[in-house]
Amino acid sequence: MWRNLGASSADSFYQVRPECTDDVPETKFRIKVGKTLSARRWHAAFTPEGYLDIGNVLRRICRGGIHPSIRGEVWEFLLGCYDPKSTFEEREQLRQHRRVQYAALKEECRTMFPLIGSGRFISAPVITEDGDPVLDPIVLQELNAAKVSTSVGQIGASGGFEMVKEHDKSVIQWKISLHQIGLDVIRTDRTLVFYEKQENLSKLWDILAVYAWFDKDVNYCQGMSDLCSPMIILLDDEADAFWCFARMMRRLRSNFRCTGNSVGVEAQLSNLASITQVVDPKLHQHLETLGGGNYVFAFRMLMVLFRREFSFADSLYLWEMMWALEYDPDLFLMYEDPDLTAEKSERPKVKSIRQCGKYERENMRNGGKGAEAPLPISVFLVASVLKDKSAKLTEARGLDDVVKILNNITGNLDAKKACSSAMKLHKKYLKKAANSNR
């Protein structure tokens, strides 16, 4: 039983390849008896019918994170896949419904490119922007090895797979994305033993490819593989991992949306600049003097939520802390298909503040639910890191120095302290902003 382990590291749950141990920062997250949400406490939080006391769970997560053995199923609630006010039976019906939905989406993608679901994947281009097939030897080899044939290709006289010209623009854009997805798949979390298996690499490629078709407005952007990877590791069923990733993207998709020459995350960088200007005007002025007033140096932190600044286990701990702090009980209803939730309309629509995360409660008290959506806690996390390194950053002589200082924080951040600092900064920012508006 894990209870006998005391304060133990989570590294054993996410094994690192022996040859990579020197390159991976040591995990700071420890499984602590009485603080970490254990399997026993998690199961005890449900009534016999299946209703979940989410408020109690949130407080436990903020005290010590989630035990790795139950992390996947807890994340499904934190990300709004399931309503805490639903029963075991209702959730099982919804789970099966979603698995059928995913199977249909995956089959649709397979008819367009038959490597989907074959257990194989490609990291080479398959089509030009004009819709002409790229007869890359690697792609042809994979297609022939998978022995597949669909309406978008045919078996030639030699018995090999032949691709034909594509005219549908949305299909062309999707097929173009398959190349980048493949390149990113073989680079994602490559230090983990989990990704030594071809089937796991293929699963990551499949989910990202299906999502790119499912959300055509965003398609696929670099960074999504870093966000999706933990879902596959934590949830055994591919469909469950897909919908968990899709719910996560509901929160983050605006970061990846491109309009003209701008990227969605630029809005958050602008917010970061405003926050820093309020809480540390001296630092903000120095960064502007260096030509970094657009805060692009913080781009990666916001896009992939500190995945590169923390070890794998610590980044998961950070995410669940953030989601617990931001938790809104309306999350499920906001993200769900109205047809599936109409029957639950008789349930109370006024949410209890006790069922909200601490950060969400602070926003509610301070009118953060007005016309504009409240800023995500991730922006305050980055701001707290900048403030913590303010002394060094104000000595920087150029943006290269700024980047170097921030790169040096990799492996040296504590997730719980980072969230605590972000909460304090959030409170300070709200107070100063309110005073300046008087």
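Scoring rules and cut-offs
Residues numbered from 1 in each chain as written. Predicted model: local features only at pLDDT ≥ 70, side-chain atom pairs only at ≥ 80, totals over all residues. Heavy atoms only, no water. Helix = DSSP H or I, 4+ residues; strand = E, 2+ residues; numbered from the N terminus. Buried < 20%, exposed > 50% of the residue type's maximum accessible area, 1.4 Å probe, protein only. Contact = heavy atoms within 4.5 Å. Areas by Shrake-Rupley, 256 points an atom, 1.4 Å probe, with all protein chains shown as cover. Lys, Arg positive; Asp, Glu negative; His and termini not counted. Salt bridge = Lys/Arg side-chain N within 4 Å of Asp/Glu carboxyl O. Polar contact = N/O pair within 3.5 Å; in protein donor to acceptor, adjacent residues only side chain to side chain. Expected span 1.5 Å × (residues − 1). Bend = angle between axes of the 7 residues up to and from the residue. Patch = residues over 30% accessible without salt bridge, like charges linked within 9 Å, V, L, I, M, F, W, Y side chains within 5 Å. Charge placed at Lys NZ, Arg CZ, Asp CG, Glu CD. Arc of directions from axis to C-beta. Phe/Tyr/Trp six-rings, centres within 6.5 Å; stacked < 30°, edge-to-face > 60°. pLDDT = per-residue confidence, 0-100.

### Considering the overall build of the protein
If you tally the helices and strands in the protein, you get 20 helices and six strands. Counting all 438 residues of the protein, 52% fall into the buried class. Pairs at least 24 apart in sequence give 74% of the contacts found in the protein among residues at least 6 apart. Surface accessibility of the protein: about 20500 Å² in total, with carbon and sulfur atoms responsible for 49%.

### What about the side chain of E166?
With respect to the secondary-structure elements, E166 resides in the loop between β4 (161-163) and α6 (169-185). For E166, which is buried and forms no salt bridge, the nearest opposite charge comes from K175, at a distance of 4.1 Å. For E166, the side chain forms a polar contact with the main-chain nitrogen of D168, separated by 3.1 Å.

### As for helix α9 (residues 238-256)
Compared with an ideal rise of 1.5 Å per residue, which puts 19 residues at 27 Å, α9 spans 23 Å between its outermost C-alpha atoms and falls more than 12% short. Where α9 bends most, the angle comes to about 60°, and this point is R250. With 16 of its 19 residues buried, α9 lies for the most part within the structure. Between a side-chain oxygen at the N-terminus of α9 and the backbone nitrogen of A239 the separation is 2.9 Å; the capping residue is D237.

### A short note on a positive patch on the surface
Positive charge collects at one region of the surface, where K32, K35, R40, R41, R63 and K416 lie side by side. The residue K35 is located in the loop between β2 (30-31) and α1 (39-44) in this model.

### Focus: the side chain of E142
Relative to the helices and strands, E142 resides in helix α5 (residues 137-146). With relative accessibility at 15%, the residue E142 sits in the buried group. For E142, the side chain forms a polar contact with the side chain of R120, separated by 2.7 Å.

### Description of helix α16 (residues 358-365)
All of the buried residues in α16 are Y359, E360, E362 and N363. Considered in projection along α16, the buried side chains sweep an arc of 160° and stay on one side of the axis.

### Observations regarding unusual backbone geometry
Leaving glycine aside, a negative phi is the common case for residues, and trans is the common case for peptide bonds. Despite not being glycine, D189 has its phi angle at roughly 45°, a positive value. With respect to the helices and strands, the residue D189 is situated in the loop between α6 and α7 (198-214). On the basis of relative accessibility, which here comes to 12%, the residue D189 falls in the buried class. Look at N219: it is not a glycine, yet its phi comes out positive at around 60°. Along the polypeptide, N219 turns up in the loop between α7 and α8 (224-234). Of the residues examined, N219 reaches a relative accessible area of 14% and is grouped as buried.

### Looking at the environment of K35
Given a relative accessible area of 36%, K35 falls into the partly exposed group. For the pair K35 and R59, spaced 24 residues apart in sequence, the C-alpha to C-alpha distance is 9.7 Å. Excluding residues that lie within four positions of it along the chain, K35 makes contacts with R60, R63 and G64.

### With respect to the packing of aromatic side chains
For any pair of aromatic rings, the description consists of the separation of the ring centres together with the inter-plane angle of the planes. A full pass over the atoms with the stated rule returns 25 aromatic pairs. For the pair Y14 and F312, a centre-to-centre distance of 5.2 Å together with 65° between the ring planes defines the contact as edge-to-face. Placement of Y14 in the loop between β1 (8-9) and β2 and of F312 in helix α13 (residues 312-326) is noted, with a sequence separation of 298 residues between them. The interplanar angle of 75° and the centroid separation of 5.7 Å between the aromatic rings of F214 and F242 together place this pair among those described as edge-to-face.

### Considering the confidence of the model for the protein
Chain-level pLDDT for the protein is 86 on average; 86% of the residues reach the 70-or-more range. For the stretch residues 149-160, pLDDT sits under 50, and the model shows 26 contacts to residues farther than four places along the chain or on other chains. Taken as a whole, residues 338-348 scores under 50 in pLDDT and shows twelve contacts with residues more than four places along the chain or in a different chain.

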